[in-house]
Amino acid sequence: MNRKYAIGADVGGSHISTVLVDLQRKQIIENSHSEQKVDNKASAHEILNSWATAIKETMQHSKNDEVAGIGFAMPGPFDYKNGVALMDKSVAKYENLFGRNVGDELKELLDLPQSMPFRYLNDALAFAVGECWIGKAANYENVMAITLGTGFGSAFLTNGVPVIEGDRVPEKGYVYHIPYESGIADDYFSTRWFITEFEKRTRIVCNGVKEIADKASETAEARKLFEDFGTNIGEFLAPLLSTFDADCLVIGGNISGAYPLFAQSFEAALSGNNLSVEVVISELMESAAMTGSARLLEESFWNKLEPLVSKI
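The structure contained in this document is the topic of the report that follows. Worth saying up front: this structure is predicted, and the values here are computed from it rather than measured. (Residues numbered from 1 in each chain as written. Predicted model: local features only at pLDDT ≥ 70, side-chain atom pairs only at ≥ 80, totals over all residues. Heavy atoms only, no water.)

On to the overall build of the chain. A tally of helices and strands in the chain yields 10 helices and 15 strands. Relative to a compact globule of 312 residues, whose C-alpha radius of gyration would be 20 Å, the chain shows 20 Å and is just as compact. Over its C-alpha atoms, taken along the principal directions, the chain stretches across nearly 60 × 40 × 35 Å. Within the chain, the fraction of its 312 residues that count as buried is 55%. A separation of at least 24 residues holds for 64% of the contacts in the chain among residues at least 6 apart in sequence. Distance from the positive charge centre (28 side chains) to the negative charge centre (43 side chains) of the chain: 2 Å. (Helix = DSSP H or I, 4+ residues; strand = E, 2+ residues; numbered from the N terminus. Rg over C-alpha atoms; globule rule 2.2 N^0.38 Å. Buried < 20%, exposed > 50% of the residue type's maximum accessible area, 1.4 Å probe, protein only. Contact = heavy atoms within 4.5 Å. Lys, Arg positive; Asp, Glu negative; His and termini not counted. Charge placed at Lys NZ, Arg CZ, Asp CG, Glu CD.)

Below, the discussion takes up the packing of aromatic side chains. A full pass over the atoms with the stated rule returns 21 aromatic pairs. Geometrically, the ring pair formed by Phe-72 and Phe-118 is tilted, given 5.6 Å between the ring centres and 40 degrees between the ring planes. Taken together, the residues Phe-72 in strand β5 (residues 67-74) and Phe-118 in strand β8 (residues 118-122) connect sequence positions 46 residues apart. The pair Phe-72 / Phe-118 is uniform in exposure class, with both members buried. Here the aromatic rings of Trp-193 and Phe-229 are separated by 5.9 Å at their centres, their planes lie at 40 degrees, and the arrangement is tilted. Remark: Phe-229 occurs in helix α7 (residues 220-244) and Trp-193 occurs in helix α5 (residues 191-202); sequence separation between them is 36 residues. Note on Phe-229: relative accessible area 1%, which makes it buried. (Phe/Tyr/Trp six-rings, centres within 6.5 Å; stacked < 30°, edge-to-face > 60°.)

Moving on to helix α2 (residues 102-110). Taken residue by residue, α2 has Val-102, Gly-103, Leu-106, Lys-107 and Leu-110 as its buried positions. Down the axis of α2, the buried set is contained in an arc of 130 degrees. They therefore lie on one face. As for α2, its buried residues are in contact with α1 (44-59), β5, β6 (78-79), β7 (84-85) and β8. Where α2 begins, the side chain of Asn-101 points an oxygen toward the backbone nitrogen of Gly-103, at a separation of 3.2 Å. (Arc of directions from axis to C-beta. Polar contact = N/O pair within 3.5 Å; in protein donor to acceptor, adjacent residues only side chain to side chain.)

The next thing to look at is unusual backbone geometry. In this structure, the amide linkage connecting Gly-76 to the following residue, Pro-77, adopts the cis form with an omega of 0 degrees. The topology assignment puts Pro-77 in the loop between β5 and β6. Unusually for a residue other than glycine, Asn-274 sits at a positive phi of about 60 degrees. Mapped onto the fold, Asn-274 is located in the loop between α8 (259-272) and β15 (278-281). On the basis of relative accessibility, which here comes to 73%, the residue Asn-274 falls in the exposed class.

Turning our attention to the environment of Ile-16. Relative to the elements of secondary structure, Ile-16 occurs in strand β2 (residues 15-22). Each C-alpha atom of the pair Ile-16 and Phe-72 lies 9.9 Å from the other, and the pair is 56 residues apart in sequence. With sequence-adjacent residues up to four places away left out, Ile-16 is seen in contact with Ala-9, Asp-10, Val-11, Ser-34, Glu-35, Gln-36, Val-38, Ser-50, Trp-51 and Ala-54.

Another aspect to go through is the pairing of strand β10 (residues 152-158). Of all seven residues that make up β10, seven are buried, and the element is covered over most of its length. Of the two faces of β10, the one carrying Phe-152, Ser-154, Phe-156 and Thr-158 and the one carrying Gly-153, Ala-155 and Leu-157 are both buried. Here strand β9 (residues 142-148) runs beside β10; their pairing, made up of seven bridges, is antiparallel. Across the sheet, the residue bridging to Val-143 is Leu-157, located in β10. Between the end of β9 and the start of β10, which pair antiparallel, lie three residues. Two strands pair when backbone bridges link them, and β10 and strand β11 (residues 161-162) are joined in this way by two bridges, in the antiparallel orientation. (Pairing = 2+ DSSP bridges.)

On to the packing of helix α3 (residues 123-134) against helix α9 (residues 286-294). The contact between α3 and α9 brings their axes to 6 Å, and the two run at 85 degrees. Our classification of the angle between α3 and α9 gives roughly perpendicular. Taken together, the residues of α9 that come into contact with α3 (itself represented by Asp-123, Ala-126, Phe-127, Val-129, Gly-130, Glu-131, Trp-133 and Ile-134) are Ala-288, Ala-289, Thr-291, Gly-292 and Ser-293. Considered class by class, the residues forming the contact of α3 with α9 number seven nonpolar, four polar and two charged. (Axes fitted to C-alpha atoms, helices over the stretch in contact; angles between N-to-C directions. Parallel < 35°, antiparallel > 145°, perpendicular 65-115°, else oblique. Nonpolar A, V, L, I, M, F, W, Y, C, P; charged D, E, K, R; others polar.)

In this section: the sheet that holds β11. Here five strands make up an open sheet; going across it, the order is β11-β10-β9-β14-β15 and the pairing mixed. Two strands bound the open sheet, and with one partner strand each, they are β11 and β15. In this sheet, β15 lies alongside strand β14 (residues 248-252) in parallel orientation, the contact comprising four bridges. Its bridge partner lying in β15, Cys-248 is registered against Glu-278. Contacting β9, β10 and β14, α7 runs over the sheet at an angle of about 150 degrees to β9. Packing against the sheet, α8 makes contact with β9, β14 and β15, and its axis sits at approximately 165 degrees to β15.

Structural data, given as structure tokens:
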């Protein structure tokens, strides 16, 4: 039987989402999406059972002998080569999985052969792989992808393959830890900056970026906050985009939904640094990470990626 399908799984902080992907047609199989809520403080058994439930529901849309394997978009820290969870109490989520080989345990729960490939990639990288495979960034050579939300994710790809070392990119392609202002980039280009900065400027407490964005039509302070964000992140990204010789920047994550509010100041900052980069907003969103992780089962792509996985 031709193993033409793969399951892509996106592991979030409070849920897991899975889809079945036709690797040949580069398409998500209709109605194959499954999502399960997950308590990241639960026991390992409960967490893995939730993951197994989602995978099992998606697998029902194919025959087992048609599935090449399962790919996971997984938050770190994680041993992406061997499939071992490394989250501990300092990470404050999934710490009860620490030291467990999640693939081996899931295969037992799902009654799958140990020979079935389970492959893993950092969630931001998986998002970028998906965007460069079937998303808006598919026709560009050098792509930087960022995810703006609870944290600040990043990835660099050339011809769809991640670049994680060398002079063109920061180590592992991560930019969240780069010093910025009085902290690091993650402190300023994530949800918590919007919440704390808006409260500082207005004494109004909001629960998220969307709530602040909803105030922008009537509140000058909210509009100014987004303008400042656009300028700041544009100035921060400009040298990174230039060094990588990027011809496309793809933006995902929850904050990307507010892009119209910071687009002008952001693009002005890039232009002010003599950069001509196509900026695209993800339409795939979470589906990008799922399709990107499914692509790990495409052997020609995996052969290019596998040497890098142990270095992520």
